[in-house]
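# Topology and contacts: notes
The residues making up each chain are set out below.
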Amino acid sequence: MDRTTIVDAVNDAVIDALGVEQEEVTPDATLLDDLGAESIDLLDILFRLERSLGIKIQAAELAAYVQGGIPDEEFGDENEIVSAVGLAQLKKVMPQIDVDALTGTLRATKVMGLFTVDNLVALVAHRAGLGAAETAGAAA
């Protein structure tokens, strides 16, 4: 499986699950905020990817991938603001975020609102065992 196959499958799953136009599904479009996905839609997208690519990703694994195994109490503070440790992890899986702009303001409950089509491509590629070099510029 290569990057192009993954990009095509992710784009198709997002279009079919959300009923959006192909032009709307850009690498930097966020699934929740820009494309209007809800939790149930994310499950639908993951199910469609499993059917098309044979890669099973549970909703809980999506959150675990984003959080990088960092315990909740280290990822965010008592006010549910993402910590410096949490932001460093988010920068790894969501390189598009502006850590400086989000420092001290990003609520843990809003993290998935930053998750883009390209981030989903990277997650699927990660699960497929592709290295970073094979997925650079993942969504085209």
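To keep things clear, this report deals only with the structure shown in the data block. The residue numbers shown here count from 1 along each chain, following its written sequence. With pLDDT at 70 or above as the cut-off, local features in this predicted model cover only qualifying residues; side-chain atom pairs require 80 or more to be listed or tallied, and sums for whole chains, interfaces and linings still use all residues. Values shown for side chains rest on all heavy atoms present in the structure; no hydrogens or waters enter the calculation.

## Details of the nonpolar core
Nonpolar cores were defined as sets of buried Ala, Val, Leu, Ile, Met, Phe, Trp, Tyr and Cys residues, with membership established by side-chain atoms within 4.5 Å. Only protein chains enter the accessibility calculation, which uses a 1.4 Å probe. A residue is then buried if its area is under 20% of the maximum for its type, exposed if over 50%, and partly exposed in between. Ranked by size, the top nonpolar core spans 44 residues in total, and within it Val14, Leu90 and Leu120 carry the most contacts. Runs of H or I in DSSP of at least four residues are treated as helices and runs of E of at least two as strands, each being numbered from the N terminus. Among the secondary structure elements, those contributing two or more residues to this core are α1 (3–18), α2 (39–53), α3 (59–67), α5 (84–93) and α7 (117–128). Tallying contributions element by element places α1 first for this core, with nine residues. Discounting residues that sit within four places of it in the chain, Val14 has contacts with Gly19, Val20, Val25, Leu31, Leu35, Ile45 and Leu120. A contact between two residues is defined here by any heavy atoms of the two lying within 4.5 Å.

## A word on the environment of Pro95
Along the chain, Pro95 falls in the loop between α5 and α6 (99–102). Along the sequence, Pro95 and Ala63 sit 32 residues apart, while their C-alpha atoms lie 16 Å from each other. Dropping the residues within four chain positions of it, Pro95 is found in contact with Leu90 and Asn119.

## Here's the deal with a negative patch on the surface
The grouping of Asp2, Asp8, Asp12 and Asp16 at the surface amounts to a negative patch. With respect to the helices and strands, the residue Asp16 is situated in helix α1. Exposure above 30% relative accessible area and the absence of a salt bridge qualify a residue for a patch, where like charges join within 9 Å and nonpolar side chains (Val, Leu, Ile, Met, Phe, Trp, Tyr) within 5 Å. Only the protein chains shown count as covering a residue, and every accessible area follows the Shrake-Rupley method with a 1.4 Å probe. Salt bridge, as used here: a side-chain nitrogen of Lys or Arg that lies within 4 Å of a carboxyl oxygen of Asp or Glu. Note on charges: Lys and Arg go in the positive column, Asp and Glu in the negative column, and His and the chain ends are not counted at all. Here the site of a charge means atom NZ of a Lys, CZ of an Arg, CG of an Asp or CD of a Glu.

## Focus on the side chain of Gln89
Tracing the sequence through the fold places Gln89 in helix α5. According to the relative accessible area criterion, Gln89 is buried, its value standing at 10%. In the analysis that follows, any N or O atom pair within 3.5 Å is treated as a polar contact, provided that within protein one partner can donate a hydrogen and the other can accept it, and provided that, for residues neighboring in sequence, both atoms belong to side chains. For Gln89, the side chain forms a polar contact with the main-chain oxygen of Tyr65, separated by 3.4 Å. Beyond its immediate sequence surroundings of up to four residues, Gln89 is in contact with Tyr65, Val66, Gln67, Gly68 and Ile70.

## Notes on the packing of α3 against α7
The N-to-C vectors of α3 and α7 enclose an angle of 100°; their axes lie 12 Å apart at closest approach. Judged by the inter-axis angle, α3 sits roughly perpendicular to α7. For the pair α3 and α7, contact is made by Glu61, Leu62 and Tyr65 and by Ala122, Leu123, His126 and Arg127, respectively. Along the lines of polarity and charge, the residues of the contact of α3 with α7 split into four nonpolar, one polar and two charged. Structural elements are reduced to axes, namely lines fitted to C-alpha atoms, with helices fitted over the stretch in contact, and the angle between N-to-C directions of any two is expressed from 0 to 180 degrees. To sort the angles, those under 35 degrees are grouped as roughly parallel, those over 145 as roughly antiparallel, those from 65 to 115 as roughly perpendicular, and the leftovers as oblique. Three classes are used, and their members are as follows: Ala, Val, Leu, Ile, Met, Phe, Trp, Tyr, Cys and Pro are nonpolar, Asp, Glu, Lys and Arg are charged, and the others, Gly among them, are polar.

## Thoughts on the pattern of salt bridges
All told, the structure shown has three salt bridges when counted by the stated rule. The residue Arg48 makes a salt bridge to Asp44 at a minimum N-O spacing of 3.0 Å. Residue Arg48 and its partner Asp44 are located together in helix α2, separated by four residues, close to a single helical turn. Between Glu61 and Arg127 there is a salt bridge, and its shortest N-O distance comes to 2.5 Å. Taken together, the residues span a long stretch of sequence, with Glu61 in helix α3 and Arg127 in helix α7 at a distance of 66 residues. For Glu61, a relative accessible area of 30% translates into the label partly exposed.

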